[in-house]
Amino acid sequence: MAKQLVLLSLVALSFCNFAFADEQALQDFCVADPNGPVRVNGLACKNPMLVQANDFLFSGLNMAGNTSNPVGSKVTLVNVAMLPGLNTLGIAMARVDYAPRGLNPPHLHPRATEIFTLIEGSVLVGFVTSNPENRLISKILQKGDVFVFPKGLIHFQQNLGNGHAMAISGLSNQNPGIVTVANVVFGSNPDISSEVLTKAFQVDKHIIDQLQSKF
């Protein structure tokens, strides 16, 4: 009985240590080593003696993205894959460029909240709350406005002007991920069954076939 109590106490203590672990960094930095032999939830640390200033540098965010595409927008993401020094720091950023009337289509970030700052233009932004309300929360932003998209919620931006627009976003994860709704639903590999999609969207099969052909 005493051994069982000791074992239960150790399990409880281990759980408490895990649940209330100090989330502060345990070292100055952990520059990502994508070629390292260790596989963890993230990327292993590069030998700190081999770290260089360029591990903390990304150049080119001053360059406008190419918006010559069907949606008229371009996201230039700076995450841990582009900037190894972000590893374990829990942040990333992006530049978003919009052609006139360009759209950053409905999407979500499964691992990050996004704080969006409009640098130039007039942009409609919005996100939709989860089931069952599915409430649309939207706002027209002007230059200098800041808006927040909560983690995991579908959101979008559309340039309302006849000139180019640009924004800078901060994201609360070194690898925020992106799930673009139309691409995922209609462009999966292999295709989601048309029977599933016709029932889900309550439309005819030829409409689903047409949508899948675009992605």
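What you see is a predicted model; the values in this text were computed from it and never measured.

K.L.:
What exactly am I supposed to notice about the overall build of the protein here?
P.N.:
The helix and strand tally for the protein stands at four helices and 10 strands. For the protein, the proportion of its 215 residues judged to be buried stands at 30%. For the protein, long-range pairs separated by at least 24 residues make up 68% of all intrachain contacts whose partners lie at least 6 apart in sequence. For the protein, the exposed area adds up to about 13900 Å²; of that, 60% sits on carbon and sulfur atoms.

K.L.:
What's the story with unusual backbone geometry in this structure? I'm lost.
P.N.:
In terms of backbone geometry, most residues other than glycine have negative phi values and most peptide bonds are trans. N131 connects to P132 through a cis peptide bond whose omega is 5°. Take P132: it is sitting in the loop between β5 (122–128) and β6 (136–142). In the segment running from N189 into P190, the intervening peptide bond is cis, with an omega of 0°. Looking at where P190 falls in the secondary structure, it is placed in the loop between α2 (181–186) and α3 (194–201). Even without being glycine, R101 reaches a positive phi, approximately 65°. Checked against the element boundaries, R101 lands in the loop between β2 (92–98) and β3 (103–108). Note on R101: relative accessible area 46%, which makes it partly exposed. In the Ramachandran plot, Q202 falls in the positive-phi region, its phi being about 55° despite a non-glycine side chain. Looking at the element boundaries, Q202 is found in the loop between α3 and α4 (205–213).

K.L.:
What is the right way to read the confidence of the model for the protein from this model?
P.N.:
For residues with low pLDDT, the predicted coordinates do not support detailed interpretation. Here the protein shows a mean pLDDT of 89. Residues at 70 or above account for 87%. Confidence drops under a pLDDT of 50 for residues 4–22, and excluding neighbours within four residues, the segment shows zero contacts in the predicted structure.

K.L.:
I'm lost on the state of the cysteines in this one. Help?
P.N.:
Disulfides are covalent bonds that connect the sulfur atoms of two cysteines. Scanning all chains against the criterion turns up one disulfide. Disulfide pairing is shown between C30 and C45; the S-S distance is 1.8 Å. Classification of the bridge connecting C30 and C45 rests on its S-S torsion, roughly -105°, and on that basis the disulfide is left-handed. Taken as a pair, C30 in the loop between α1 (2–19) and β1 (73–78) and C45 in the loop between α1 and β1 lie far apart in primary sequence, 15 residues in all. For C30, a relative accessible area of 4% corresponds to the buried category. C45 gets classed as partly exposed once you look at its relative accessible area, which sits at 41%.

K.L.:
Would you mind going over the sheet that holds β3 with me for this structure?
P.N.:
Two orientations exist for strands paired in a sheet by backbone hydrogen bonds: parallel and antiparallel. Spatial strand order, β6-β5-β8-β3-β10: five strands in an open sheet with antiparallel pairing. Looking at which strands have only one partner, the edges of the open sheet turn out to be β6 and β10 (179–180). Where β5 and strand β8 (residues 155–159) come together, five bridges link them in antiparallel fashion. Paired with F127 across the strands is H155, a residue of β8.

K.L.:
Quick question: what am I supposed to make of the environment of V80 here?
P.N.:
Examined against the element boundaries, V80 turns out to sit in the loop between β1 and β2. By relative accessible area, V80 is classed as buried at 7%. For V80 and I91, which are 11 residues apart along the polypeptide, the C-alpha to C-alpha distance reads 8.7 Å. Beyond its immediate stretch of four places on either side in the chain, V80 contacts A32, L43, L86, N87, Q174 and N175.

K.L.:
What's the story with the UniProt feature "binding site: oxalate" (unreviewed entry) in the protein in this structure? I'm lost.
P.N.:
The sites that carry the UniProt feature "binding site: oxalate" (unreviewed entry) are, in the present numbering, N104, H109 and E114. Along the chain, N104 falls in strand β3. Non-local contacts of N104, meaning those with residues more than four positions away in its chain, are made with S73, V75, V96, Y98, F156 and Q157. Not counting residues up to four positions away in its chain, the partners in contact with H109 are E114, K151, G152, H155, L171, P176, G177 and I178.

Calculation notes
- Positions within a chain are numbered from 1, following the residues in the order the chain's sequence is written.
- With pLDDT at 70 or above as the cut-off, local features in this predicted model cover only qualifying residues; side-chain atom pairs require 80 or more to be listed or tallied, and sums for whole chains, interfaces and linings still use all residues.
- With hydrogens and water stripped out, all remaining heavy atoms of the structure feed into the side-chain values.
- In DSSP terms, a helix is any run of H or I states spanning at least four residues, a strand is any run of E spanning at least two, and both are numbered starting from the N terminus.
- Type-normalised accessible area, obtained with a 1.4 Å probe on protein chains alone, sets the label of each residue: buried when under 20%, exposed when over 50%, and partly exposed for intermediate values.
- In what follows, a contact means two residues having at least one pair of non-hydrogen atoms within 4.5 Å.
- In short, Shrake-Rupley with a 1.4 Å probe defines the accessible areas, and a residue's cover is counted only from the protein chains shown.
- Scored from 0 to 100, pLDDT records how confident the predictor is in each individual residue.
- Only a pair of cysteine sulfur atoms within 2.5 Å counts as a disulfide in this structure description.
- Strand pairing is defined by DSSP finding a minimum of two bridges between the two strands.
- UniProt positions are given in the numbering used here, feature names are shortened, and annotations may be inferred rather than shown by experiment.

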